[in-house]
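One-letter residues, chain by chain:
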Amino acid sequence: MELPTYAFQRRRYWPEAAEDAMPVVQDPLDAEFWASVERHDVRTLSESLGLDTDVVSSVVPALSLWRDRLREDRAVEGWRYRETWKALDGFSAFAVSGPWLVVMPADVSDDPWLSAVVAAMGPSAHVLEYDGFDRGTLASRLPDGELVGVLSLLAFGAAGPGVTPPGVLPTLVLLQALGDAGIEAPVWAVTRGAVSVGGQDPVASPWQAGIWGVGRVAALERPQQWGGLVDLPEEFDEGAARRLVSVVSAERAEDQVAVRAAGAFGRRLVPAPASGSGGVPWQVRGTVLITGGTGGLGAFVARWAVERGAQHVVLLSRRGSAATGAQRLSSELEAMGARVTVVACDVADRSALANVIGDIPADIPLRMVVHAAGVSHGVVELDSVTPEQVEAELRAKVAGATYLDELTRGLELDAFVLFSSGASSWGSGGQAAYAAGNAYLEALAAHRRAQGRSGTAIAWGNWAEAGMAVDNPEQGEYLRRLGVLPMSPRLALAALQRVLQDDETGLTVTDMDWYRFAPAFTVSRPSALLSDIPQFTEVLAGSSESTDAGSGFAQRWADTPAADRPRFLHELIRGHVAAVLGHALSIRIDIGQAFKELGFDSLTAVELRNRLAAATGLSLPATIAFDYPSIAGLADHLSETLGSGPEPDEEALRKLIASVSPAKLREAGLLDAVLGLAGDAPDRDAQEQQQEDDEATLLAADVDDLVRIALADNES
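From a predicted model like this one, the values you see are computed outputs, not experimental measurements. Throughout this document, residue positions are counted from 1 along each chain, in the order its sequence is written. This being a predicted model, a pLDDT of at least 70 is required before a residue's local features are given, and a value of 80 or more before pairs of side-chain atoms are given or counted; all residues contribute to the totals for chains, interfaces and linings. Heavy atoms from the whole structure form the basis of all side-chain values; hydrogens and water molecules are not counted.

K.L.:
What am I meant to see in the overall build of the chain here?
P.N.:
By the criteria applied, helices consist of DSSP H or I runs no shorter than four residues and strands consist of E runs no shorter than two, each listed in order from the N terminus. Each helix and strand in the chain was counted, giving 30 helices and 18 strands. Here the term buried applies to any residue with accessible area under 20% of the maximum for its type, exposed to any over 50%, and partly exposed to those in between, with areas from a 1.4 Å probe on protein chains only. Buried positions account for 51% of the 716 residues belonging to the chain. Whether two residues touch is decided by their heavy atoms; if any such pair falls within 4.5 Å, the residues are in contact. Taking the intrachain contacts of the chain between residues at least 6 apart in sequence as the baseline, contacts between residues at least 24 apart amount to 77%. Note that accessible areas follow from Shrake-Rupley with a 1.4 Å probe, and for residues the cover is restricted to the protein chains shown. Of the roughly 31900 Å² of accessible surface on the chain, 50% is carried by carbon and sulfur atoms.

K.L.:
Quick question: what am I supposed to make of the packing of aromatic side chains here?
P.N.:
Geometrically, a pair of aromatic rings is defined through the distance of the ring centres and the angle of the planes. Ring pairs are drawn from Phe, Tyr and Trp, using the six-membered ring of Trp, whenever the two centres fall within 6.5 Å, and their geometry is named by plane angle: stacked under 30 degrees, edge-to-face over 60, tilted for the rest. Counted by the stated rule, this structure contains 15 aromatic pairs. Summarising the aromatic geometry, the rings of Trp-460 and Trp-463 are spaced 5.1 Å apart at their centres and angled 80° between planes, so their arrangement reads as edge-to-face. The pair Trp-460 / Trp-463 is uniform in exposure class, with both members buried. By way of ring pairs, the aromatic residues Tyr-81, Trp-426, Trp-514, Phe-517, Phe-521 and Phe-536 are connected into one cluster. Whether a charge sits over a ring depends on NZ of Lys or CZ of Arg being within 6 Å of the ring centre and within 35 degrees of the ring normal. Stacked on the ring of Phe-416, the Lys or Arg Arg-448 has its end atom at 3.7 Å from the ring centre.

K.L.:
Before we go on, may I ask you to explain the sheet that holds strand S18 (residues 511-512) in this structure?
P.N.:
Whenever strands of a sheet pair, they do so through backbone hydrogen bonds, lying parallel or antiparallel. The three strands are arranged S15-S16-S18 in an open sheet whose pairing can be described as mixed. At either margin of the open sheet sits one strand with a lone partner, and together these are strand S15 (462-463) and S18. By this definition, two strands are paired if DSSP reports at least two bridges between them. Inspection of the sheet shows S15 paired to strand S16 (residues 484-487) by two bridges, in the parallel sense. Within S16, the residue paired with Trp-463 across the bridge is Met-487.

K.L.:
Please explain the side chain of Arg-267 as it appears in this structure.
P.N.:
As for its position among the elements, Arg-267 is in strand S8 (residues 263-271). Accessibility expressed as a relative area gives 2% for Arg-267, which makes it buried. Of the polar contacts made by the side chain of Arg-267, one reaches the side chain of Glu-83; its length is 2.7 Å. Here the side chain of Arg-267 touches Ser-425 through a polar contact of 3.0 Å, landing on its backbone oxygen. Apart from the residues within four sequence positions on either side, Arg-267 is in contact with Glu-83, Thr-84, Trp-85, Arg-216, Gln-256, Ser-424, Ser-425, Ala-528 and Leu-529. Polar contact is defined as a pair of N or O atoms within 3.5 Å, subject to the rule that within protein one atom must be able to donate a hydrogen and the other to accept it, and that residues adjacent in sequence are counted only when both atoms are side-chain atoms.

K.L.:
Would you mind going over the nonpolar core with me for this structure?
P.N.:
Nonpolar core, defined: a set of buried Ala, Val, Leu, Ile, Met, Phe, Trp, Tyr and Cys residues in which side-chain atoms within 4.5 Å join the residues together. Of all hydrophobic cores here, the largest spans 109 residues; its most connected members are Met-121, Leu-151, Leu-153, Leu-232, Phe-236, Leu-289 and Leu-316. The residues contacting Met-121, other than those within four sequence positions of it, are Val-96, Trp-100, Val-102, Leu-151, Leu-244, Val-245 and Val-248. Membership of the second largest hydrophobic core comes to 44 residues, among which are Ala-299, Ala-302, Val-306 and Val-499.

K.L.:
Which parts of the structure should I look at to understand the pairing of strand S17 (residues 506-509)?
P.N.:
As judged from the two bridges shared by strand S1 (residues 80-88) and S17, these two strands associate in the antiparallel manner. Following the sheet pairing, Arg-80 is matched in S17 by Val-509. With four bridges connecting them, strand S14 (residues 456-460) and S17 associate as parallel partners. Of the residues in S17, the one forming a bridge with Trp-460 is Val-509.

K.L.:
In this structure, what is going on with the pattern of salt bridges? I would like to understand it.
P.N.:
Side chains that carry opposite charge are capable of pairing whenever their charged atoms lie near each other. For this document, the term salt bridge refers to a Lys or Arg side-chain nitrogen within 4 Å of an Asp or Glu carboxyl oxygen. Inspection of the entire model under this criterion finds 31 salt bridges. For the salt bridge of Arg-525 with Asp-255, the shortest nitrogen-to-oxygen distance reads 2.9 Å. Of this pair, Arg-525 sits in the loop between helix H18 (514-521) and helix H19 (534-550) while Asp-255 sits in the loop between helix H8 (238-249) and strand S7 (256-260); the two residues are 270 residues apart in sequence, bridging distant segments of the chain. By relative accessible area, which is 14% here, Arg-525 ends up buried. One network of salt bridges, in which partners are shared, links Arg-80, Arg-82, Arg-498, Asp-502 and Glu-504.

K.L.:
Sorry, what's going on with the side chain of Arg-525 here?
P.N.:
Within polar-contact distance, the side chain of Arg-525 engages the backbone oxygen of Trp-226 at 2.7 Å. Setting aside residues up to four positions removed in sequence, Arg-525 forms contacts with Ala-219, Pro-223, Trp-226, Gly-227 and Asp-255.

K.L.:
Just to check I follow, could you spell out the confidence of the model for the chain for this structure?
P.N.:
pLDDT expresses how confident the predictor is about each individual residue, on a scale running from 0 to 100. Residue-level pLDDT values for the chain average 82, and 80% of them are 70 or greater. Confidence over residues 1-25 falls short of pLDDT 50; this stretch has 60 contacts with residues more than four positions distant or in other chains. Within the model, the stretch residues 678-682 combines pLDDT values under 50 with three contacts to residues more than four positions away or in other chains.

K.L.:
Help me out: how do you make sense of the packing of helix H11 (residues 350-358) against helix H12 (residues 387-407) in this one?
P.N.:
Each packed pair of helices is defined by two parameters, the angle between the axes and the distance between the axes. The axes used here are C-alpha line fits, helices contributing only the stretch in contact, and every angle between their N-to-C directions lies in the interval 0 to 180 degrees. It is at 10 Å that the axes of H11 and H12 come closest, and there the two elements cross at 45°. The angle between H11 and H12 falls in the class oblique. The two elements H11 and H12 meet at a crossing, and its hand is right-handed. Counted together, Arg-350, Leu-353, Ala-354 and Ile-357 of H11 and Gly-400, Tyr-403, Leu-404, Glu-406 and Leu-407 of H12 form the full contact between these two elements. Three classes are used: nonpolar for Ala, Val, Leu, Ile, Met, Phe, Trp, Tyr, Cys and Pro, charged for Asp, Glu, Lys and Arg, and polar for all others, with Gly counted as polar. Class assignment for the residues of the contact of H11 with H12 results in six nonpolar, one polar and two charged. In what follows, roughly perpendicular refers to angles from 65 to 115 degrees, roughly parallel to angles under 35, roughly antiparallel to angles over 145, and oblique to any angle outside these ranges. Should the near helix be turned anticlockwise from the far one by less than a right angle, the crossing is termed left-handed; should it be turned clockwise, right-handed.

K.L.:
Whenever I open this one, the pairing of strand S11 (residues 339-344) confuses me. Can you help?
P.N.:
Looking down a regular strand, the side chains alternate between one sheet face and the other. Summarising the sheet, strand S10 (residues 312-317) and S11 pair through six bridges and their orientation is parallel. In the strand pairing of S11, Leu-316 is matched with Val-343.

K.L.:
When you look at helix H6 (residues 168-180) in this model, what are you seeing that I'm missing?
P.N.:
Residue pairs spaced three or four apart in an α-helix point in one direction, given the helix's 3.6 residues per turn. Under the 1.5 Å per step criterion, the end-to-end length of H6 is 19 Å for 13 residues, consistent within 8% with the ideal 18 Å. Most of H6 is tucked away, with eleven of its 13 residues classed as buried. Listing the buried residues of H6 in full gives Val-168, Leu-169, Pro-170, Thr-171, Leu-172, Val-173, Leu-174, Leu-175, Gln-176, Ala-177 and Leu-178. Positive phi shows up at Gly-182, right after H6, with a value of about 70°. Each helix should span, by expectation, one fewer than its residue count multiplied by 1.5 Å.

K.L.:
What exactly am I supposed to notice about the environment of Arg-490 here?
P.N.:
Position of Arg-490 relative to the elements: it lies in helix H17 (residues 489-501). Put simply, Arg-490 and Val-301 are 189 residues apart on the chain and 10.0 Å apart in space, counted from C-alpha to C-alpha.

K.L.:
Explain unusual backbone geometry to me, please; I cannot follow it from the model alone.
P.N.:
Excluding glycine, most residues fall at negative phi; most peptide bonds, likewise, are trans. If you check the backbone angles, Asp-503 has positive phi at about 55° while not being a glycine. Residue position: Asp-503 is located in the loop between H17 and S17.

K.L.:
Would you mind showing me how to read a nonpolar patch on the surface here?
P.N.:
Patch membership requires over 30% relative accessible area and the absence of a salt bridge. Like charges are linked within 9 Å, and nonpolar side chains (Val, Leu, Ile, Met, Phe, Trp, Tyr) within 5 Å. A cluster of nonpolar side chains, namely Leu-49, Leu-51, Val-55 and Val-59, defines an oily patch on the protein surface of about 320 Å² accessible area. Topologically, Val-59 is positioned in helix H3 (residues 53-76).

Printed below as a string of structure tokens:
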């Protein structure tokens, strides 16, 4: 039998570029010149250039720095991606085709704008007012009967507990309740002014952007249940209503859409190479305040700031000088010539933060803020996340950014930098709350820009040596397997330098192995988000043949003989296990070996579930790798779930038997098997006694008789 093939094997076939890779210099004189510069060989350079050694001595350091900066810029050139919005066609002619459920906050049910959105969903729409109840209560209030879709207006409610952006918790509760109730209608979340499609379209409601982080994670965790995100204009007229209905009704890969007067726009991440040499390097001055300042990322940023000219750095962390390594870092920065203040401060405490900012000396004013503080509690699936976990995850990230924004409004800042994450930029399973917080930060930076203030958000990929992927090794390893590669801090800081130099509002900076990432990202559902990145589309184009082949799994299962089905499933699962673990398919994995022994963790278990669900079309729990902890055990479970396949088709069987003459059946030794289909096979003695009669009966039978005999067992 023909076994399935796999479009990707988690192997990287192009060479890794060295960090300091430069184009090969063809001219040996040029090569010798730059080698002398790197060696700081003033004498050789003086002789070569015919210049006084004092002149050359003053120039060489600048030349060396320029060459280092050029190398760094080239190394990180391919790490930069920008959010853009692409005009979409075909979103204006759809009509509501059936009943929708519209869920909205109870305290805004009389809002005229929201009422117009509800009306756009047709007269058969069910409206459910959410008043803060838990998932069980919400599940009990969901309507019975088939729904075309679910439209969530929960972003328009009041803010959640503490600093939770509005709509984040209610949206999570809604998804949980729908799952509990077995409702699989696609869920679309609506915002207004949470995103910007261009310079003339400012972000007006950064708080609502948290929903966009939740949605990007939901698309990965619940690909069948999640519909998408749609941002609507302030003026919701008839044209906007038609486009809304069209967006949520169309079966397209566009799941992040902004509706504007000019049309519908789809969100994209596109390569964002820096233009030119960048001119004069961006310099730091005055005081730099860094939240999370004694942590791994904060320490790297502090050193970078002092190297670039910061006279004073204020490092904030919960433990202050008592934090591990804080005193050593302070001494190091002071030795570099900077004044250092280390403060124990909870950035979610507005009063404490105001005191810190107020204590900054007037002669060294605050000129730059870097908000690097944040907490991730690891992977928590949508179905398990609690309000307490959401608030804890968002506390430092969201409250810190909000209070820093408010407390610096009257100050002249050169830069206000917010550290975001790929969890928001493209989504990361199990990190809904973290993604929501980072999506808010990105919208806040754009909102500040719209108000004429400095603001820059950088959605980082995977830092090496520091950051949450280092603090949580399991997550770091998962990112690496996924194709989000570790970035050296030196080069990441070079990227930060260039982002500030180019005065960017928002950028994603990440080193991606698209060969690994592209198939994994789209394994459960297609996505248009990365469709304008050439490497992404090339990889998917190369795997489309195998992807198409996988869509007929049910038929291949039915066509596979019963005796071959265990092996069929073993090879299917083994291939996906190898892909998840980053192994080549040539490496044979023992079907009886426990997944835990192979190195599976909660992240890889979820990834295996997603792959198998996409390959088989089955709805599988996230814990399936723990419930059936080996290839053999999982194959047995899938076999029971799939069953024996469809009953044989009588007409197909009739044609098959008619095509084979009874004489050939006898020659092939199939008489016993065919006769056995009529009932229990006789014992050998009886079989020998009756064989001649049976042969005669079979040879005398016409097609109708043969079909009746073959189907007798199924009819009994």
